[in-house]
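Next come the chains, spelled out residue by residue.
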Amino acid sequence: MIHSAKWIWLDEKKYKDYQKTPISLFDPYSTDCKFAVAEFKKKVEFEKKIQEIKIEISGDVKFWLYVNDTYVGTGPVGAGGDYEIDRPMPVQYYNTYIVKPDADFLEVYVMVQNVPSVLCDMSQGKNGMILAAKCILEDGSEEMIYSDSSWMSRKNNSYLSQNKLDLTLCSDMWIHAAETEPVWNLKKPDILMLEEEEIIPEDFVPFSVAPGEMKEVVCEFDKIYSVYHYLEVEAYGEYTILIRDFERDFQKNVNLTDIITGNSSVKFRGISMVSSGGMKLFVYNGGEKTLRVNKAAGLFVHYPIMNEGYFRCSDEVLNKIFRMGRHALKICRQSIELDSPWHQENLGCCGDYYIASLMNFFTDGDTKLTRLDIVRIADCLKLYEGYMFHTTYSMIWLMMVYDYYLFSGDISILPEISEAIELLMEKMHSYAGTDEIINDPPSYMFVDWLVVDGISLHHPPAALGQAVLNAFYFGGLNMAAKLMGIMGKYDIQKRYHNRAAVLQKAFQKNFYDEEKGLYFDGHNFKHWSGKWMQPNTDKRYFSWHTNVIAVLYDLAPKEKQIQIMETILNDMTLINPQPYFMHFVLEAIYKTDLFEKYGIQQLRRWRVMTDFEKGLQEGWYDMSGYGFDYSHVWAGTPTYQLPSKLSGLQILEPGFKKISLKPALYGLEFAEMEIPTPYGKIEIHMEQGKEPVIKIPKQISVENRKSYEM
């Protein structure tokens, strides 16, 4: 349907400065491009009432769609991308909507922002809008509406930037839109469109501002939300409104997001999505009559949530932690998974999204967004011939692929991304020597949000990052081999296994300290340094990070794994992880059968976060000069760990065709959970001193099923 429509934009004769746009915020051209919001409209009248309208729409860079004066949705579905991306992604996605207007006319109005404004915004370097609408009338007949040069267009001069609006400025006259040469490879995404909820601050009361008065009002939400601002203002003269968002503390954790100047009443809807735990409004009334703010709200946007999963136990701290992670997941699930609605990073930061996908499998059950995330990451890997900005994250992407396959049973994704896997593994191999030890990578990113001796583990030198990168590489080689084996590509599988065997031998020789019985973090050789590679040091470091990954991926000899884990878990003088990396710590604890001893103890480390239940803090503690957010999904691994480890769920055949369960309380008094599957929920109830009560859908084959039918 949409492929029959024309891409349209502002006429170049009148708007020659608004035809091109940066690829992303990382494009050097982004500093030279002028901000604009273009408007497009079309009205069609029918002799009969419209029963339903099916709409397909895309825009470059962002669009807001209204039908018959009613807001419908924002898009397009994100293309993905990576940090520092400077090339257009190969696919432009379009959104699909169904509208039931109960009218005999269709009036379409679309706003399109012309430049990227957040890290995950992507463009083809050219502006445009395209729309197709199938109108199904009450008698069953159909009428098609397509974007073309008959549509009207103009520049809305009120939008000075994405967060600055001057409603006293007049917009241009409406003129016909210009059809533009298409450069977009349109594709329909197999995901759901975003939902929107209106969130009213708990303490908001409509208020008045006298002529000449400046009033400050703080409005707090019950939680942190991913929102667009919404205000209803009754005014009869000039005014200025500043909205400052905060996640936790309106005196410290503050972000200036919207400035509105006007001289008449308005229902204001912002065009910048923000992470907000509340708003501080600064309202100045420059008119001669009283101004009134009748409503201040957040329009909470998120991916549709099924809420199929459930968890509760006897420890209320753990319950709080579970709920906090679940909410963080909800606000981060947009048309792409986000690290947080505060940062809004690209999909290349997939260490975050791997954890989020596992959380989702146990709380929601929808796998479509994860699938599309994986495919979009593969697109970016192919675009850059296997390169990913964060080298460790590229290996974690392979784990994300396999776990998606396990939970969904969707084998069709593997040939779709096979080329990307091969390009990635050859790129990583190119960083390694003959012994497969990586000595010359573009970076050792990412280890953790830590600073050690003044050195950031975001982009550490070899002494703090070499061993952990090689450990992830080993895990990636074996996982890539497994995926190739599933696809029947046995020659490639053998190649990866051979490389892994060489690396395992060299790793033990290069990084194991016999005296300490641990692996150290890297060598002290001199290497190049730059923006993302700090100068190397002369010190030898030992961390949880390197040793955990060595154990988790069986790089360490099996007979040494328990001793390694016991040593690090009882030595807090070693470099100790932030919540992100604790995901891998907890996985290694479970792998070595130490969860009874250490699992719940380590999960209770999240207690420090529970004094602020509105959001999930990025780390245990902040780093100087950084400023943690309180909406970060990577800190939410307990939301996955609790139902995963207490159920002991292991998927033996992909798609839940066959599973095993090993339910355990690990010292808790009781626990109950519901785990979503393609066949319904697995329900488990456990109490100390009693046999577990377990219900499993009959379509799922279970080891020792009889023992579970109680």
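See above for the structure.
Residues numbered from 1 in each chain as written. Predicted model: local features only at pLDDT ≥ 70, side-chain atom pairs only at ≥ 80, totals over all residues. Heavy atoms only, no water.

Undergrad: What exactly am I supposed to notice about the environment of Gly409 here?
TA: Of note, Gly409 is situated in the loop between α4 (391–408) and α5 (413–430). Between the C-alpha atoms of Gly409 and Met479, which are 70 residues apart in sequence, the distance is 17 Å. (Helix = DSSP H or I, 4+ residues; strand = E, 2+ residues; numbered from the N terminus.)

Undergrad: Would you explain the sheet that holds strand β30 (residues 650–653) in this entry?
TA: Where strands meet in a sheet, backbone hydrogen bonds hold them as pairs that are either parallel or antiparallel. Strand order in this open sheet of 3 strands is β30-β31-β35, and the pairing throughout is mixed. The open sheet has two free edges, formed respectively by β30 and β35 (701–702), since each of these has just one partner strand. Examined bridge by bridge, β30 and strand β31 (residues 658–660) share 3 bridges and lie antiparallel to one another. Across the sheet, Glu653 pairs through a bridge with Lys658, a residue of β31. (Pairing = 2+ DSSP bridges.)

Undergrad: What's the story with the nonpolar core in this structure? I'm lost.
TA: Among the nonpolar cores identified, the biggest contains 202 residues, and Trp397, Leu398, Met425 and Phe584 are the most heavily contacted of them. When residues in this core are grouped by element, the largest group, 16 residues, is from helix α6 (residues 462–486). (Core = buried A, V, L, I, M, F, W, Y, C linked by side-chain atoms within 4.5 Å. Buried < 20%, exposed > 50% of the residue type's maximum accessible area, 1.4 Å probe, protein only.)

Undergrad: What's the story with the layout of surface pockets in this structure? I'm lost.
TA: It is a probe the size of a water molecule, rolled over the atoms, that shows where empty space is left. Its boundaries defined by the atoms lining it, the largest pocket holds a volume of some 1300 Å³. Forming the walls of the largest pocket are 37 residues, and the residues nearest its centre are Asp403, Leu552, Glu587, Tyr590 and Gln650. Elements with a minimum of two residues in the lining of the largest pocket: α2 (350–363), α4, α6, α10 (579–591), α11 (595–603), α12 (637–647) and β30. A class-by-class count of the residues in the lining of the largest pocket yields 20 nonpolar, 7 polar and 10 charged. (1 Å grid on protein atoms, 1.4 Å probe; cavity = no way out; pocket = protein on both sides within 12 Å on 5 of 7 lines; lining within 4 Å. Points joined across faces, edges and corners; volume = space filled by probe spheres on them. Nonpolar A, V, L, I, M, F, W, Y, C, P; charged D, E, K, R; others polar.)

Undergrad: Is there a simple way to explain empty space enclosed by the protein in this structure?
TA: According to the stated counting rule, one finds 3 cavities of 30 Å³ or more in the structure shown. The space that makes up the largest cavity amounts to roughly 40 Å³. Of the residues belonging to the lining of the largest cavity, the class tally is 6 nonpolar, 2 polar and 2 charged.

Undergrad: Can you help me understand the packing of α11 against α12 in this one?
TA: Two packed helices can be described by the angle between their axes and the distance between those axes. Two elements in contact, α11 and α12, have axes separated by 11 Å at closest approach and are oriented at 155°. Judged by the angle between their axes, α11 and α12 are roughly antiparallel. Two packed elements cross with a definite hand, and for α11 against α12 that hand is left-handed. Contacts from Phe595, Ile600 and Leu603 in α11 reach Pro638, Gln641, Leu642, Lys645 and Leu646 in α12. Grouping the constituent residues of the contact of α11 with α12 by class yields 6 nonpolar, 1 polar and 1 charged. (Axes fitted to C-alpha atoms, helices over the stretch in contact; angles between N-to-C directions. Parallel < 35°, antiparallel > 145°, perpendicular 65-115°, else oblique. Left-handed = near helix turned anticlockwise from the far one by under 90°. Contact = heavy atoms within 4.5 Å.)

Undergrad: Would you mind showing me how to read the sheet that holds strand β32 (residues 670–677) here?
TA: Pairing in this open sheet of 4 strands is antiparallel, and the strands run β25-β32-β33-β34 from one edge to the other. A single partner strand is all that each edge strand has here, and the edge strands are β25 (310–313) and β34 (693–695). Sheet twist, expressed as the average angle between the axes of neighbouring strands with direction ignored, equals 5°. Here 3 bridges tie strand β33 (residues 680–687) to β34, and the two strands are oriented antiparallel to one another.

Undergrad: Would you mind going over the packing of aromatic side chains with me for this structure?
TA: To describe a pair of aromatic rings, one takes the distance between the centres and the angle between the planes. One pass over the full model with this rule turns up 39 aromatic pairs. The interplanar angle of 20° and the centroid separation of 4.5 Å between the aromatic rings of Phe361 and Phe407 together place this pair among those described as stacked. Remark: Phe407 occurs in helix α4 and Phe361 occurs in helix α2; sequence separation between them is 46 residues. Residues Phe361 and Phe407 agree in their burial class; the two are buried. Judged by centre distance (5.2 Å) and plane angle (50°), the ring pair of Phe507 and Tyr519 falls under tilted. Placement of Phe507 in helix α7 (residues 490–511) and of Tyr519 in strand β29 (residues 518–519) is noted, with a sequence separation of 12 residues between them. Across the pair, Tyr519 and Phe507 agree in class, each one buried. An aromatic cluster is built from Tyr393, Phe446, Trp449, Phe472, Tyr553, Tyr580, Phe581, Phe584 and Trp634, whose rings are joined through pairwise contacts. Positioned above the aromatic ring of Tyr236, the side-chain terminus of Lys289 is 5.5 Å from the ring centre. Directly above the aromatic system of Phe542 lies the positively charged group of Lys516, at a separation of 5.1 Å from the ring centroid. (Phe/Tyr/Trp six-rings, centres within 6.5 Å; stacked < 30°, edge-to-face > 60°. Lys NZ or Arg CZ within 6 Å of the ring centre and 35° of its normal.)

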